[in-house]
Amino acid sequence: MVTVATAERLRAACAQEISQYEHGHFHDRPWLREAFLAVPREAFVPDRVWWPHRSAEDGLFPLLDRAARPRQWLRAVYRARSPLITQIADGAILPDAPTDCADFTGSISCPAVVVDMLHHLDPQPGERILEIGTGTGYNTALLAVRVGAATVTSVEIDKTLAEHAAAALHAVVHVPQLVVADGEEGYPPGAPYDRIISTAAVRQVPQAWIDQVRPGGVILAPLDSPFQCDGLALLVADGHGGAGGAFVGAVDFMKTRGQREPRRYADLGWPTWAEHRITIEAGQQRIRTPS
Ligand SMILES: C[S@@+](CC[C@H](N)C(=O)[O-])C[C@H]1O[C@@H](n2cnc3c(N)ncnc32)[C@H](O)[C@@H]1O
């Protein structure tokens, strides 16, 4: 039987695994480990989700069904490096069977990435936080535990996903402000924010985010890259309509709805391949991009 104790044991084991990773994660963030252990991730995962890797047997994305195979479902919930797919093709594919369709439009991000992003966001108690992409509400819950629900706003574009998140949040924490809207526009009524986190990737950082974060405030967002992954961009607003920063990691997120269409990387400010310089001297390899 799957019990609360089983879930707690799996959560602790997952936390232990994440603790051993080198970069970001729980390091120097005791509050983050405590929040991770306090929030039951299983409360946010729908009863039927897809595993994000194709089965070797039939090539389909397997369906994990809590009622049919509760242990398998719960183990998947606490796999440190696996997201679970909560929506495909904007809900056109129902979660009632394995599927061939890889058009993932909703997920619960994997625990390791959730923790890593919160590490880099570094939210402080009482700060005003805007989250883009509520999804299941799991990351929102961790933010509410850390910051306090009163100053957290989370925006989700998909009404069905937002309703599921709201119900899960109600059961677990004090509920932050939840908004169904296009998060690329931020949420002006709550501005200025101390920190903005997006759990959907963008090809171009929306100006609204920069405009709605206070001078010196932080924007953390997956930014599409030419490297088959998103760079996790950590930006600081300059107070004059601009922002600057660096990449702090590599992640893989679904794009915001309005930025699904591919664009030319050159138009998005990326250096061309030829501009990256590779040198190897005395066995020391260096790769430089133009400054
Ligand atoms: C990777 S999922 C979020 C995962 C979530 N943080 C969690 O762990 O449950 C990305 C979410 O962003 C949402 N999304 C996509 N475009 C959006 C937009 N323009 N505004 C707000 N939410 C958006 C998707 O519907 C999806 O729920």
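Labelled according to an unreviewed UniProt entry, the protein chain appears under the name Protein-L-isoaspartate O-methyltransferase, originating from Streptomyces spectabilis. What UniProt states about the protein chain under its Subcellular location (unreviewed entry) heading is, verbatim, "Cytoplasm". The Sequence similarities (unreviewed entry) field of the UniProt record for the protein chain holds the comment "Belongs to the methyltransferase superfamily. L-isoaspartyl/D-aspartyl protein methyltransferase family."

J.: Would you take a moment to explain the pairing of strand β4 (residues 104-108) for this structure?
T.: Moving residue by residue along a regular strand, the side chains alternate between the two faces of the sheet. For β4, a buried count of four out of five residues is recorded, marking the element as mostly surrounded by other parts of the structure. Relative to β4, strand β3 (residues 84-88) is paired through four bridges, and the arrangement is antiparallel. Following the sheet pairing, Gln 87 is matched in β4 by Gly 106.

J.: Explain the packing of aromatic side chains here, please?
T.: Within a pair of aromatic rings, the relevant descriptors are the distance that separates the centres and the angle that separates the planes. One pass over the structure, following the stated rule, counts seven aromatic pairs. Their ring planes at 75 degrees and their centres at 5.0 Å tell us that Phe 61 and Phe 104 sit as a pair that is edge-to-face. Note that Phe 61 is positioned in the loop between β1 (48-50) and β2 (63-65) and Phe 104 in strand β4, a separation of 43 residues in sequence. In terms of burial, Phe 61 and Phe 104 fall into one category: buried.

J.: How do you make sense of the sheet that holds strand β8 (residues 193-198) when you look at a structure like this?
T.: Strand order in this open sheet of seven strands is β7-β6-β5-β8-β9-β10-β11, and the pairing throughout is mixed. Only two strands of the sheet have a single neighbouring strand rather than two, namely β7 (177-180) and β11 (243-251). Across the sheet, the mean angle from the axis of one strand to that of its neighbour is 15 degrees, orientation sign disregarded. In terms of strand pairing, strand β10 (residues 230-237) meets β11 through eight bridges, oriented antiparallel. Residue pairing across strands places Val 236 opposite Gly 244, the latter belonging to β11.

J.: Could you clarify how one ought to interpret the site of the ligand in this entry?
T.: Residues in close proximity to the ligand total 23 residues, the closest being Thr 136, Glu 156, Asp 182, Gly 183 and Arg 257. In this structure, an oxygen atom belonging to the ligand sits 3.5 Å away from a main-chain N or O atom of Ser 107. Here the ligand has 610 Å² of accessible area as a free molecule, and 99% of this is covered by the chains. Of all the secondary structure elements, the ones that give two or more residues to the shell around the ligand are β4 and β6 (152-156). With three residues, β4 is the single largest residue contributor to the shell around the ligand. Taken domain by domain, the makeup of the shell around the ligand includes at least three residues from each of domain 1 (4-108) and domain 2 (111-259).

J.: I keep staring at the nonpolar core and nothing clicks. Help me out?
T.: Across soluble globular proteins, nonpolar side chains show a tendency to be buried alongside one another. The biggest cluster of nonpolar side chains holds 51 residues, and the ones touching the most others in it are Ile 18, Phe 36, Phe 44, Leu 84, Leu 118, Tyr 138 and Ile 197. Contributing elements (two or more residues each) for this core: α1 (4-19), α2 (30-38), α3 (70-77), α4 (111-121), α5 (138-147), α6 (159-172) and β9 (213-224). Per-element tally for this core: the top contributor is α4, with seven residues. Both domain 1 (4-108) and domain 2 (111-259) contribute no fewer than three residues apiece to this core. With residues up to four places along the chain from it excluded, the contact list for Tyr 138 reads Phe 36, Val 39, Arg 41, Phe 44, Ile 108 and Val 114. Counting residues in each nonpolar core, the second largest holds 18 residues, with Tyr 193, Ile 210, Ala 221 and Leu 235 among its members.

J.: Which parts of the structure should I look at to understand the side chain of Gln 259?
T.: Checked against the element boundaries, Gln 259 lands in the loop between β11 and β12 (277-281). Overall, Gln 259 belongs to the buried group, its relative accessible area being 10%. One polar contact links the side chain of Gln 259 to the main-chain amide nitrogen of Arg 203, over a distance of 2.6 Å. Once residues lying within four places of it in the same chain are set aside, the contact partners of Gln 259 are Glu 184, Val 202, Arg 203, Gln 204 and Pro 206.

The rules behind these values
Residues numbered from 1 in each chain as written. Predicted model: local features only at pLDDT ≥ 70, side-chain atom pairs only at ≥ 80, totals over all residues. Heavy atoms only, no water. UniProt positions renumbered as here; feature names shortened; annotations may be inferred. Buried < 20%, exposed > 50% of the residue type's maximum accessible area, 1.4 Å probe, protein only. Helix = DSSP H or I, 4+ residues; strand = E, 2+ residues; numbered from the N terminus. Pairing = 2+ DSSP bridges. Phe/Tyr/Trp six-rings, centres within 6.5 Å; stacked < 30°, edge-to-face > 60°. Axes fitted to C-alpha atoms, helices over the stretch in contact; angles between N-to-C directions. Near = heavy atom within 4 Å. Polar contact = N/O pair within 3.5 Å; in protein donor to acceptor, adjacent residues only side chain to side chain. Areas by Shrake-Rupley, 256 points an atom, 1.4 Å probe, with all protein chains shown as cover. Domains from an automatic or database assignment. Core = buried A, V, L, I, M, F, W, Y, C linked by side-chain atoms within 4.5 Å. Contact = heavy atoms within 4.5 Å.

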